[in-house]
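What follows is the residue order along each chain.
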Amino acid sequence: MPDPRSESRREPRTDPRTTQEDTLMSSFRVSRKILVAAGTVLALTGAAACSSSSDSGGSGSKGGASGKKVRLITGVKSDPFYITMTCAAQTEAKAKGMDFSADGSAQWDVSVQRPLLDSVAASRPDGLLISPVDTSALTPSLKQIQSAGTKVALVDTTVSDSSIGITRISSDNEKGGRVAADALAKLMNEKGSAIVISVKPGVSTTDARIKGFTEEMGKYPNIKLLPTLYDNDLPATAASQIQSTLAAHPDLGGVFAGNTNTGTGIATGLKQAGKQGAVKVAAFDAEPDEVASLKAGTLQVLVAQDPAAIGKEAVDQLAAAFEGKNVQKSIGTNMVAITKANMGQPEISKYFYKAGC
């Protein structure tokens, strides 16, 4: 480009054609500068739009599941039911790019689970999967964490307050109790005494199982249902309780175990008393010790849930919430009745719980 200072020292041009050409060239240069500037603005705007579009589905961004911090708190950390649930949730979360970790109570107790919930609340996760160990005691803490922006999914167990949780995923436990009652009545030839041994009152799942079982057992007039006993989820306590019941009621013909640890304890107690097989047992869940007891004939029926489906569905529902999609408020998962006769079938054995991932 010519030096503008040298141009200013030149004599003015008098040729009209030359003057017209200069005017046209000057107009062209101005127009070109305007077009270049406009193009630059458009390019920058487009780049910003692309960046925004890319961020909307990126790690840790709003509107996407990838990078979201999700925590799981189970009822009892060592329980194969919850181990199976955790393994499935972890696999699904990893597939979706989530930051996932899990913990659980050492025992089924509010005083043990509450500190875990408080710790998770302090970390302000994007999502929380939790199996509350009580239907009401943890409600204030759950309300607080939910109000702070964490999306809560209730898995397996629930709370009475319907405002808690964007989704609730569980088995139809009342129906499971009915299935157990019918199976047990048949094994008892519809006569004798029967008893329920379970965890403790105030647990949504086991309360529903007991309700279904006792209502269904009412259809069998020749079976006397004894008062329900609670073992606080301790197998040793269940073993002791079944032995005491045998001593007080020699006609005991059937037992319904409300959960995994209870079933394990009852099987141990009956074996020690020399009554395995003579007293029929319908137990909830299908953890490794229960499956072994079914093979050995100490337990006769296992009502198995699908904890893997519960874990996977919960992660999927949180992902849907993060992505602004529809979330299912309530989801029920399958249950199957497992006996020694059908336990070898692949469509049945897939419901066996895991002891580790």
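Residues numbered from 1 in each chain as written. Predicted model: local features only at pLDDT ≥ 70, side-chain atom pairs only at ≥ 80, totals over all residues. Heavy atoms only, no water.

Check the secondary structure of the protein and you find 12 helices and 13 strands. Counting over 357 residues, the protein shows a buried share of 46%. In the protein, once contacts between residues fewer than 6 apart in sequence are set aside, the share between residues at least 24 apart is 73%. Accessible area for the protein stands at about 17400 Å²; split by element, carbon and sulfur atoms hold 53% of it. (Helix = DSSP H or I, 4+ residues; strand = E, 2+ residues; numbered from the N terminus. Buried < 20%, exposed > 50% of the residue type's maximum accessible area, 1.4 Å probe, protein only. Contact = heavy atoms within 4.5 Å. Areas by Shrake-Rupley, 256 points an atom, 1.4 Å probe, with all protein chains shown as cover.)

As a further point, take the packing of helix H6 (residues 173-187) against helix H7 (residues 204-217). Orientation of H6 relative to H7, taken along the N-to-C sense of each, is 40 degrees, at an axis distance of 7 Å. If you check the angle between H6 and H7, you find them oblique. Read as a crossing pair, H6 and H7 show a hand that is right-handed. Side by side, H6 and H7 meet where Asn173, Glu174, Gly177, Arg178, Ala180, Ala181, Asp182, Leu184 and Ala185 of the first sit next to Thr205, Ala208, Arg209, Lys211, Gly212, Phe213, Glu215, Glu216 and Met217 of the second. (Axes fitted to C-alpha atoms, helices over the stretch in contact; angles between N-to-C directions. Parallel < 35°, antiparallel > 145°, perpendicular 65-115°, else oblique. Left-handed = near helix turned anticlockwise from the far one by under 90°.)

Considered as a void within the structure, the second largest pocket measures approximately 170 Å³ in volume. Taken together, 15 residues form the lining of the second largest pocket, with Asp156, Thr158, Ser170, Ser171 and Asn173 sitting closest to its centre. Of the residues forming the lining of the second largest pocket, the biggest block, four residues, is contributed by strand E5 (residues 167-171). Across the lining of the second largest pocket, the residue classes tally to three nonpolar, eight polar and four charged. (1 Å grid on protein atoms, 1.4 Å probe; cavity = no way out; pocket = protein on both sides within 12 Å on 5 of 7 lines; lining within 4 Å. Points joined across faces, edges and corners; volume = space filled by probe spheres on them. Nonpolar A, V, L, I, M, F, W, Y, C, P; charged D, E, K, R; others polar.)

Bringing the state of the cysteines into the picture now. In protein chemistry, a disulfide is the covalent bond that joins the sulfur atoms of two cysteines. Scanning the model with the defined rule gives one disulfide in all. A sulfur-sulfur distance of 1.8 Å marks the disulfide that ties cysteine 87 to cysteine 357. Negative torsions about the S-S bond denote left-handed disulfides, and the value of about -100 degrees found for cysteine 87 with cysteine 357 makes this one left-handed. One end of the pair, cysteine 87, is in helix H3 (residues 80-95); the other, cysteine 357, is in the segment after helix H12 (346-349), with 270 residues separating them in the sequence. Residue classification places cysteine 87 among the buried positions, given a relative accessible area of 5%. (Disulfide = S-S within 2.5 Å.)

Once that is clear, we can look at the pairing of strand E1 (residues 69-74). Burial analysis of E1 places five of its six residues in the buried class, the great majority of the element. Of the pairings in the sheet, the one linking E1 to strand E2 (residues 99-104) comprises six bridges and is parallel in character. Residue leucine 72 lies in a different strand from E2, and its bridge partner there is alanine 102. As paired strands, E1 and strand E3 (residues 127-130) are joined by four bridges and run parallel to one another. Along E3, the bridge assignment pairs isoleucine 73 with isoleucine 130. (Pairing = 2+ DSSP bridges.)

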